Amino acid sequence: MNEQNKLPDLRCLEPQELDSFVAGLGERKFRADQLRKWLFHFGLSDFSEMTDLSRDLRARLAENARISDPNCLTVETSRIDGSRKLLWELEDGQAIESVLIPERGHMTLCVSSQVGCAMGCRFCRTATLGFKRNLTQAEIINQVIGAQRQLAEEEKLTNLVFMGMGEPLANRANVVRAIRILTEPGLAGLAQRRLSLSTVGLVPEFPYLAEQVSVGLTVSLNAADDKTRDYLMPVNRRYPMGELYKALKVFPLPHRKRITIAYVMLAGVNDSEKDVRSLARFLSGLKVKINLIPFNHFPGAEFEPSPRRKSWLFRR
């Protein structure tokens, strides 16, 4: 690590921490507000471009701090729906992905929360990479800042989903810190009601998440009984479906909102008529909507996508 990288990264500081840092330089709080806007609204990473700060302050900031910058290695655009897959290189050489998804009336960014994943879901390609580390607050925010640089003038990022690489609730502290920054008025311009987080079901984290931020919740279920879910998702052995149900029953939801149940359709595994009936029984009494997801086959995968008629059976 070079000397510059040993300095505190200002994109890793929450508002009160940035206030304290600026006060330590002998500056008043309004300077922290100006700096925060350059960091998160304009997405600048060069102190010299922050023109409403004095030259002396810019020099002292450069001596005492740094600003990490998103480094986009590649952009792959889908010919089918125009989605853009963004590959980011992190400062330690690791790589993560996020995806820009254009939809009618809004633009969604799917972000990662970890390098790799430790959850071991058998149908997930990221699981084959193993777990490397959690992302920092800055590395999460930089995906948003970097994605906004990829947008055309007429495009605007409106929605954010934590559904990329990793389990967000296994990195709850940094995810929550990033959400607070991204939804602070006047900064990144995102509304909490337009944020959603997907989890495999780390039940003990649910109350803490609900206390700290108000975001949409998606639960990756993918099975209608414990035996099948144990096989597909090792987390179910720690927090079986009965415990998950109780946690979802009491999870506080914004007015008129529902929990999304993600269900990846796997041929011959979770797509029978019996599975449909079992799923309906399990979800009874919960405020949910179901997102049926076709399995995206990858090299080495042990599953195949369900036939389309199976999806019709579930939708009836």
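Residues numbered from 1 in each chain as written. Predicted model: local features only at pLDDT ≥ 70, side-chain atom pairs only at ≥ 80, totals over all residues. Heavy atoms only, no water.

### Some details on the packing of helix α1 (residues 15-24) against helix α2 (residues 29-40)
Running from N to C, α1 and α2 cross one another at 125 degrees; their axes reach a closest spacing of 9 Å. Between α1 and α2, the angle is such that the two are oblique. Of the two elements, α1 crosses α2, and the hand of that crossing is right-handed. For the pair α1 and α2, contact is made by P15, L18, D19 and V22 and by K29, R31, A32, L35, R36 and L39, respectively. Counted by class, the contact of α1 with α2 contains six nonpolar, no polar and four charged residues. (Axes fitted to C-alpha atoms, helices over the stretch in contact; angles between N-to-C directions. Helix = DSSP H or I, 4+ residues; strand = E, 2+ residues; numbered from the N terminus. Parallel < 35°, antiparallel > 145°, perpendicular 65-115°, else oblique. Left-handed = near helix turned anticlockwise from the far one by under 90°. Contact = heavy atoms within 4.5 Å. Nonpolar A, V, L, I, M, F, W, Y, C, P; charged D, E, K, R; others polar.)

### Details of α1
When α1 is considered as a whole, its buried residues turn out to be P15, L18, F21 and V22. Considered in projection along α1, the buried side chains sweep an arc of 120 degrees and stay on one side of the axis. Exposed positions of α1 whose direction lies more than 90 degrees from the buried face are S20 and G24. Residues of α1 that are buried sit in contact with α2, α3 (55-64) and α5 (172-182). Just beyond α1, the residue with positive phi is G26, at close to 80 degrees. (Buried < 20%, exposed > 50% of the residue type's maximum accessible area, 1.4 Å probe, protein only. Arc of directions from axis to C-beta.)

### Description of the nonpolar core
One broad trend across soluble globular proteins is that nonpolar side chains are buried collectively. With 93 residues, the main nonpolar core has L10, L35, M50, F123, L160 and L248 as its most contacted residues. Top contributing element to this core by residue count: α5, with six residues. Not counting residues up to four positions away in its chain, the partners in contact with M50 are L35, W38, L39, L44, R58 and I67. (Core = buried A, V, L, I, M, F, W, Y, C linked by side-chain atoms within 4.5 Å.)

### Here's the deal with the side chain of E139
With respect to the secondary-structure elements, E139 resides in helix α4 (residues 137-150). With a relative accessible area of 13%, E139 lands in the buried category. Polar contacts involving the side chain of E139 include one to the main-chain amide nitrogen of T136, which spans 2.9 Å. The residues contacting E139, other than those within four sequence positions of it, are L90, R133 and N134. (Polar contact = N/O pair within 3.5 Å; in protein donor to acceptor, adjacent residues only side chain to side chain.)

### Comments concerning the environment of S68
With respect to the helices and strands, S68 occurs in the loop between α3 and β1 (71-77). With 24 residues separating them along the chain, S68 and L44 place their C-alpha atoms 9.7 Å apart. Residues contacting S68, with those up to four places away along its chain left out, are D9, R11, S45, E91, A138 and N142. Looking at S68, its side chain comes within polar contact range of the side chain of N142, at 2.9 Å.

### Regarding the pattern of salt bridges
On inspection of all chains with the given rule, the structure shows 18 salt bridges. With a shortest N-O distance of 3.3 Å, R177 and E14 are connected by a salt bridge. Linking R177 in helix α5 with E14 in the segment before α1, this pair joins segments that are 163 residues apart in sequence. Under the relative-accessibility criterion, R177 is labelled buried at 18%. Given the relative accessible area of 7%, E14 is considered buried. Several salt bridges share partner residues, and in doing so they unite D19, K29, D33, R36 and E184 into one network. (Salt bridge = Lys/Arg side-chain N within 4 Å of Asp/Glu carboxyl O.)

### Overview of a positive patch on the surface
Taken together, the side chains of K156, R193, R194, K257 and K289 present a region of like positive charge at the surface. Note that R194 resides in the loop between α5 and β8 (195-199). (Patch = residues over 30% accessible without salt bridge, like charges linked within 9 Å, V, L, I, M, F, W, Y side chains within 5 Å. Areas by Shrake-Rupley, 256 points an atom, 1.4 Å probe, with all protein chains shown as cover. Lys, Arg positive; Asp, Glu negative; His and termini not counted. Charge placed at Lys NZ, Arg CZ, Asp CG, Glu CD.)

### Brief notes about the packing of aromatic side chains
A complete count under the given rule lists six aromatic pairs for this structure. Between F295 and F303, the ring centres sit 6.3 Å apart and the planes meet at 90 degrees, which makes this aromatic pair edge-to-face. With a relative accessible area of 4%, F303 lands in the buried category. Of the aromatic side chains, those joined through ring pairs into one cluster are Y231, F295, F298 and F303. (Phe/Tyr/Trp six-rings, centres within 6.5 Å; stacked < 30°, edge-to-face > 60°.)

### Some details on the pairing of strand β10 (residues 259-265)
Every regular strand shows the same layout, with side chains that alternate between the two sheet faces. Along β10, seven of the seven residues are buried, which leaves the element largely enclosed by surrounding structure. Residues I259, I261, Y263 and M265 point to one face of β10 and T260, A262 and V264 to the other, with burial holding for every one of them. Summarising the sheet, strand β9 (residues 216-220) and β10 pair through three bridges and their orientation is parallel. Residue V219 lies in a different strand from β10, and its bridge partner there is I261. The pairing of β10 with strand β11 (residues 288-294) spans seven bridges and is classified as parallel. Looking across to β11, one finds that T260 is bridged to K289. (Pairing = 2+ DSSP bridges.)

### Looking at the sheet that holds strand β3 (residues 95-103)
Taken in spatial order, the nine strands make up an open sheet running β1-β2-β3-β4-β7-β8-β9-β10-β11, and their pairing is mixed. Only two strands of the sheet have a single partner each, and these edge strands are β1 and β11. Neighbour to neighbour, the strand axes of the sheet diverge by 20 degrees on average, direction disregarded. The sheet contact formed by strand β4 (residues 106-110) and strand β7 (residues 159-162) spans three bridges and is parallel.

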